[in-house]
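Listed here are the chains, written in short residue letters.
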Amino acid sequence: MLNSDKIWQLVDARKDAYEALSDRVWEMPEICYTEYRSVAEHRAMLEQEGFRITENLAGIPTAIMGEAGDGGPVIAVLGEYDALPGLSQVAGVAEPKELVPGGHGHGCGHNMLGAAALLAATAVKTYLAQQGIKGRVRYYGCPAEEGGAAKVFMVRAGHFQDVDIAITWHPAAINRVDDAVSLANTRIDFTFKGRASHAAAAPHLGRSALDAVELMNVGVNYMREHMPADARIHYAMIDAGGVAPNVVQAKATVRYAVRARDLPGMRALIDRVKKVAEGAALMTETNVSLKVVSAVSNLLGNTPLEQAMQTQFERLGPPPFDAADRTYAAAIQATLSAEDVASAYARAGMPARTDTPLCDFIVPHGTKGAAMIGSTDVGDVSWVVPTVQARVATHAIGTPGHSWQITAQGKSGQAKKGMVHAAKVMAGVAVAALQDPNLIARAKADHETRTNETPYDCPLPAEVAPPLQPRPATA
Ligand SMILES: [Zn+2]
């Protein structure tokens, strides 16, 4: 029997306060770099628990760090609290119903993500003090995971330099240790400038920036056949040059996301996309300029930490969902297609089941699923610190990411049980590392093996700063 059971009791002892924190953050959904009220809630908890607080990490007013303990290894627990635009939703129902018309919502469950990470850090803090162990635990409050890449700026500013291991989690449908597969991703705005003119009276004098955007998109779409199958490129027109068809559009901007399995692959694709943009400018006699908006690296796995997390997870078992949780989850599942549910199992590499709407198993370590992968700024932390992530069930199997169904389930019984469970898994790994310095040494050796041929190379151009947002008058 490992001595980590005490840590689980410490999590349970404080869980009510953190379930309430998760609910409060759910009720104040703030997006990309506007998380002023949410970070204030996290700051208040850190203060109440007696952490030493550092604010404005990387110059970001909505990023925060709390540290406790002395000497010894430094264990980081990463939390998030940003919401998504346009996913406002009433909690606890099984139909799409906006809470605030046009409002934001916690459609990725980051209200739980941050609260559980802080709960884990708090339990480890108490554990260190009670056991008189040398060691430090840090909670990193990370904003703007959705499209803002805040952790990359925090890594670049050196905030993880002296961290020994990092632990985090994400709300999910299926319980598993994350298999550390994600895509490196860069967002770039391509702005074309041409010449306005009367589209009927003097079309020959105009040079259309919108034509250039369209030709660029056509060119990139032709590229798709000739790029790696697991790379992804998407675009959104963020400025189509105006609403008047009788004016030749003098300026237009298209935002691209270019994703690949690793940074060299991503950079090679970006070079090709740039050539297509230049070609479009040449064809239309416009000029093109580009601006990197954000960039993240792919995730790096860490076998010793993943095995340690699997051990903790299996000892704990799945979250203890009850009949009421299953009833609500079944109602949510009724809003999904059979394909939604089947693909959740396929992604996890597990046989599909129809007998339960909530995950009551833990995916065995090393199970290979069907790759359907996105990107995360945890990737950059994983390149500088051995990092491990849990995925813990907080919503019905098949619930799509970034959906009203996730917002709706964000304050539910399954959300609460899942987040407290996640805190136990994370705190259990932290305690395992504190009790066994050999685990940290093995994690570091594994990390070195993975990085010594390709050291970390920050994907953000040096001149790119976080796109900070002003503090709203109400925050
Ligand atoms: Zn997320």
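Notes on the structure follow. Everything quoted here is computed from the prediction, not taken from an experiment.

With that settled, consider the state of the cysteines. In this structure the tally under the stated criterion is zero disulfides. Unpaired in this structure, cysteine 142 has its nearest cysteine sulfur neighbour in cysteine 32, at a distance of 13 Å. On the accessibility criterion, cysteine 142 (0% relative accessible area) is buried. Just so you know, cysteine 359 is unpaired, no disulfide at all, and the nearest cysteine sulfur is the one on cysteine 108, 18 Å from it. With relative accessibility at 0%, the residue cysteine 359 sits in the buried group.

Further remarks concern the coordination of the zinc ion. Taken together, Cys108 (SG), His110 (NE2) and His170 (NE2) make up the full set of protein donors to the zinc ion, lying 2.1 to 2.3 Å away. Counting the intervening residues between successive donors of the zinc ion yields the motif C-x1-H-x59-H. Taken as a pair, cysteine 108 in the loop between β3 (74–80) and α3 (110–131) and histidine 170 in strand β5 (residues 165–172) lie far apart in primary sequence, 62 residues in all. Owing to a relative accessible area of 14%, histidine 170 belongs among the buried residues under this scheme.

On to the environment of glycine 279, then. Structurally, glycine 279 can be placed in helix α6 (residues 263–284). Counting along the chain gives 60 residues from glycine 279 to glycine 219, while the straight-line C-alpha distance between them is 8.6 Å.

Along an α-helix, residues three or four apart share an orientation, since each turn contains 3.6 residues. The terminal C-alpha atoms of helix α2 (residues 36–49), which comprises 14 residues, lie 20 Å apart, in line with the 20 Å expected from a rise of 1.5 Å per residue. Considered for burial, the residues of α2 that qualify are Tyr36, Ser38, Val39, Glu41, His42, Met45, Leu46 and Glu49. One or two steps after α2, the chain reaches glycine 50, where phi turns positive at roughly 85 degrees.

Here the focus is the sheet that holds strand β6 (residues 176–177). Paired through backbone hydrogen bonds, the strands of a sheet run either parallel or antiparallel to each other. Pairing within the open sheet is mixed, and its seven strands lie in the order β1-β2-β4-β3-β5-β11-β6. Looking at the sheet topology across the chains shown, the edges are occupied by β1 (52–55) and β6. The sheet contacts of helix α12 (residues 413–435) involve β3, β4 (135–142), β5 and β11 (387–393), and relative to β5 the element is tilted by about 165 degrees.

As a further point, take the packing of helix α7 (residues 303–316) against helix α13 (residues 437–451). Here α7 crosses α13 at 135 degrees, and the two axes come no closer than 7 Å. Here α7 lies oblique to α13, going by the angle between them. Contact residues: α7 offers Thr303, Pro304, Leu305 and Ala308, while α13 offers Leu439, Arg442, Ala443, Asp446 and Arg450. Of the residues assigned to the contact of α7 with α13, the class counts are five nonpolar, one polar and three charged.

Bringing the packing of aromatic side chains into the picture now. The geometry of an aromatic ring pair is captured by two quantities: the separation of the ring centres and the angle between the planes. Counted under the stated rule, the structure contains four aromatic pairs. With centroids separated by 4.3 Å and ring planes inclined at 20 degrees, the aromatic side chains of tyrosine 140 and phenylalanine 160 adopt a geometry described as stacked. Here tyrosine 140, found in strand β4, pairs with phenylalanine 160, found in the loop between α4 (150–156) and β5; they are 20 residues apart in sequence, far enough to count as distant. Of the two residues, tyrosine 140 and phenylalanine 160, neither departs from the other in class, the shared state being buried. Ring geometry for phenylalanine 190 and tyrosine 256: centres 5.8 Å apart, planes at 90 degrees, overall edge-to-face. Here tyrosine 256 lies in strand β9 (residues 251–260) and phenylalanine 190 lies in strand β7 (residues 184–193), a separation of 66 residues in the sequence. Ring-pair connections join several aromatic residues into one group, and the members of that group are Phe190, Tyr235 and Tyr256. The cationic tip of lysine 125 hangs over the ring face of phenylalanine 51; the distance from NZ or CZ to the ring centre is 5.8 Å.

Let's shift gears to α12. Over its 23 residues, α12 extends 33 Å from the first C-alpha to the last, a length consistent with the 33 Å expected when each residue adds 1.5 Å. Burial of α12 is extensive: 20 of the 23 residues sit out of reach of the surface.

With that out of the way, let us pick up the nonpolar core. One recurring pattern in soluble globular proteins is that nonpolar side chains are buried together. One finds Ile7, Ile167, Trp169 and Met426 to be the most contacted residues of the largest nonpolar core, which totals 61 residues. The biggest single contributor to this core is α12, with 14 residues. With 57 residues, the next largest nonpolar core counts Val74, Phe153, Val213 and Leu299 among its residues.

Let us now look at unusual backbone geometry. The backbone of alanine 144 shows a phi angle near 50 degrees, a positive value even though the residue is not glycine. Residue classification places alanine 144 among the buried positions, given a relative accessible area of 0%.

With that out of the way, let us pick up the pattern of salt bridges. When the charged atoms of two side chains with opposite charge come close together, those side chains can pair. Counting across every chain of the model gives 28 salt bridges. For glutamate 285, the salt bridge identified is with arginine 207, shortest N-O distance 2.7 Å. Taken together, the residues span a long stretch of sequence, with glutamate 285 in the loop between α6 and β10 (287–296) and arginine 207 in the loop between β7 and α5 (209–223) at a distance of 78 residues. Take glutamate 285: its relative accessible area is 55%, and that puts it in the exposed class.

Attention now goes to the pairing of β9. Counting buried positions along β9 gives eight out of 10 residues, so the element sits mostly inside the fold. In this structure, β7 lies alongside β9, joined through 10 bridges in antiparallel fashion. Looking at the pairing, phenylalanine 192 lines up with alanine 252 of β9. Pairing analysis gives seven bridges linking strand β8 (residues 232–239) to β9, with the strands arranged antiparallel. Its bridge partner lying in β9, alanine 236 is registered against arginine 255.

Conventions and cut-offs
Position numbers for residues count from 1 along each chain, tracking the sequence in the order it is written. Confidence filtering applies because this is a predicted model: local features only for residues at pLDDT of at least 70, side-chain atom pairs given and counted only at 80 or more, and all residues used for totals across whole chains, interfaces and linings. Only hydrogens and water are set aside; all other atoms, that is, all heavy atoms of the structure, feed into the side-chain values. The term disulfide is used for any two cysteine sulfur atoms that are within 2.5 Å. Each residue is assigned to one of three classes by its accessible area relative to the maximum for its type, calculated with a 1.4 Å probe on protein chains only: buried under 20%, partly exposed between the two thresholds, exposed over 50%. We call an atom a donor if it is N, O or S and sits within 2.8 Å of the metal, or 3.2 Å for Na, K and Ca. Water is not counted, so some sites may look partial. Strands are runs of DSSP state E lasting at least 2 residues, helices are runs of H or I lasting at least 4, and numbering of each runs from the N terminus. Here the expected span of a helix is defined as 1.5 Å times the quantity of residues minus one. Strands are labelled as partners when DSSP assigns at least two bridges between them. Should any heavy atoms of two residues lie within 4.5 Å, those residues are considered in contact. Lines are fitted to the C-alpha atoms to define the axes, a helix being fitted only along its stretch in contact, and any angle between axes, read from their N-to-C directions, falls within 0 to 180 degrees. Orientation is classified from the angle alone, with under 35 degrees giving roughly parallel, over 145 giving roughly antiparallel, 65 to 115 giving roughly perpendicular, and any other angle giving oblique. Asp, Glu, Lys and Arg are counted as charged, while Ala, Val, Leu, Ile, Met, Phe, Trp, Tyr, Cys and Pro are counted as nonpolar; the rest, among them Gly, fall into the polar class. Ring pairs are drawn from Phe, Tyr and Trp, using the six-membered ring of Trp, whenever the two centres fall within 6.5 Å, and their geometry is named by plane angle: stacked under 30 degrees, edge-to-face over 60, tilted for the rest. Here, over-ring charges are defined by two tests on the NZ atom of lysine or the CZ atom of arginine: distance to the ring centre within 6 Å, and angle to the ring normal within 35 degrees. Here, the term nonpolar core denotes a set of buried Ala, Val, Leu, Ile, Met, Phe, Trp, Tyr and Cys residues that are joined through side-chain atoms within 4.5 Å. Salt bridge criterion: a side-chain nitrogen from Lys or Arg within 4 Å of a carboxyl oxygen from Asp or Glu.

This is a description of form; function is not addressed.
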